[in-house]
Amino acid sequence: MTVNKATSNEESTNSAYVEGAGETLTSITAAGVSVEAKTWSNTDATAKTAFSISLLTIGGLQAEAYTDDSVDAHVSKVSLSATGAKTDVTVRSLLNTNTNALSASPGSLTGTSIAFTAARAYAGYISFEVDKLTGMVTFTSHPQKSIAYIGDGTTVTSRRDVTVEATNTGTAEASVKGGDTYAIASSVDAELTTIGHYQTE
């Protein structure tokens, strides 16, 4: 028997920045300055049977959805002067993600204790690799990353506000559905996993 499996993996990198050769070498004067990087991401994985056949026939359903996004906004190595009376200096990084995994069958999932049904949704995740020679396990972090900063070697002068903001939000939803009913994991042999792994600076 084979498992009906669907996997969705979304990755992105988004950067907005003002960079110079150093505050004594690069000088910028403007009425106002806005450096903004924004990412809205969505990934869906759906594993399902086309007909009301027993899950025992196909061995089960697995749906896995992953996101791995990075957003960065910064000003670095520059002398920046905002002279406007009504404008600000803004450095902003915005990240929002929605991750959804659904295992669905038109028929009932009841009585599928032998078949395996799983839905896993990861908004950011941690992967691992095992060295075949040493058996050592190496973990790699893949967070949903949102970073905003004013770097070293930078001077910012403004007549109004200076705002540095990083926002990092998201959802992870895993569902198992039989017919028109969403199943409770304890009522069927199902695994429901959601993970939110975020890094905001």
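Here the structure is a predicted model, which is why all the values come from computation and not from measurement. By convention here, each chain's residues receive numbers from 1 onward along its written sequence. Reporting in this predicted model follows two pLDDT cut-offs: at least 70 for local features of residues, and 80 or more for side-chain atom pairs to be given and counted; totals over whole chains, interfaces and linings ignore these cut-offs and use all residues. The side-chain numbers reported here are obtained from all heavy atoms of the structure, hydrogens and water having been left aside.

(A) Here's a closer look at the overall build of the protein chain. Starting at the N terminus, helices and strands are each numbered in turn, a helix being any DSSP run of H or I of at least four residues and a strand any DSSP run of E of at least two. Scanning the protein chain from terminus to terminus reveals one helix and 15 strands. Buried means the residue's accessible area, taken with a 1.4 Å probe over protein chains only, is under 20% of the maximum for its type, while exposed means over 50%, and partly exposed covers the values in between. Classification of the 201 residues of the protein chain by burial places 39% in the buried group. For this analysis, residues touch if any pair of their heavy atoms sits within 4.5 Å. Relative to all contacts within the protein chain whose residues are 6 or more apart in sequence, the contacts with residues 24 or more apart total 81%. Each accessible area is a Shrake-Rupley estimate made with a 1.4 Å probe; only the visible protein chains count as cover when residues are assessed. Surface accessibility of the protein chain: about 10,800 Å² in total, with carbon and sulfur atoms responsible for 50%.

(B) Summary view of the nonpolar core. If you look at the biggest cluster of nonpolar residues, it comprises 14 residues, and the most contacted ones within it are V35 and V75. Listing elements by their share of this core, those giving two or more residues are β3 (33-48), β4 (60-76), β5 (79-82) and β6 (89-105). Grouped together as the second largest cluster of nonpolar side chains are twelve residues, A47, L61, A121 and A190 included. As used in this record, nonpolar core signifies buried Ala, Val, Leu, Ile, Met, Phe, Trp, Tyr and Cys residues forming a set joined through side-chain atoms within 4.5 Å.

(C) Representation of unusual backbone geometry within the structure. Its identity as a non-glycine residue notwithstanding, K77 has a phi of 55°, on the positive side. Inspection of the secondary structure assignment puts K77 in the loop between β4 and β5.

(D) Focus on the packing of aromatic side chains. Aromatic rings from Phe, Tyr and Trp, taking only the six-membered ring of Trp, are treated as a pair when their centres fall within 6.5 Å; an angle between ring planes under 30 degrees marks them as stacked, one over 60 as edge-to-face, and anything in between as tilted. All told, the structure shown has three aromatic pairs when counted by the stated rule. Ring geometry for Y66 and Y122: centres 4.9 Å apart, planes at 10°, overall stacked. One end of the pair, Y66, is in strand β4; the other, Y122, is in strand β7 (residues 116-123), with 56 residues separating them in the sequence. Taken individually, Y66 and Y122 each receive the classification buried, so the pair is uniform in this respect.

(E) Inspection of the sheet that holds β5 at higher detail. Two strands are said to pair when DSSP picks up at least two bridges between them. Taken in spatial order, the three strands of this open sheet run β2-β5-β11, and their pairing is parallel. Strands with a single pairing partner mark the edges of an open sheet, and in this sheet they are β2 (27-30) and β11 (155-158). Averaged over all adjacent pairs, the angle separating strand axes in this sheet is 10°, with direction ignored. Here β5 runs beside β11; their pairing, made up of four bridges, is parallel. Bridge pairing in β11 links A82 to S158. All axes here are fitted lines through C-alpha atoms, helices being fitted over the stretch that makes contact, and every angle between N-to-C directions spans 0 to 180 degrees.

(F) Seen up close, the environment of S12. Position of S12 among the secondary structure elements: in strand β1 (residues 4-19). On a C-alpha basis, the gap between S12 and S41 in space is 8.5 Å, while along the polypeptide they are 29 residues apart. Contact partners of S12, with chain neighbours within four places excluded, come to T39, D68, D69 and S70. In terms of polar contacts, S12 uses its side chain to reach the side chain of D69, at 2.6 Å. We define a polar contact as two N or O atoms separated by no more than 3.5 Å, with the added condition that, inside protein, one atom must be a possible hydrogen donor and the other a possible acceptor, whereas residues neighbouring each other in sequence contribute only through side-chain atom pairs.

(G) Focus on the environment of T67. The topology assignment puts T67 in strand β4. Note on T67: relative accessible area 0%, which makes it buried. Taking C-alpha positions, T67 is 8.7 Å from A121, a pair spaced 54 residues apart along the chain. If sequence neighbours within four positions are ignored, T67 has contacts with E10, T43, T97, T99, Y122, A123, G124, Y125, H142 and Q144. Side-chain polar atoms of T67 contact the side chain of Q144, separated by 3.3 Å.

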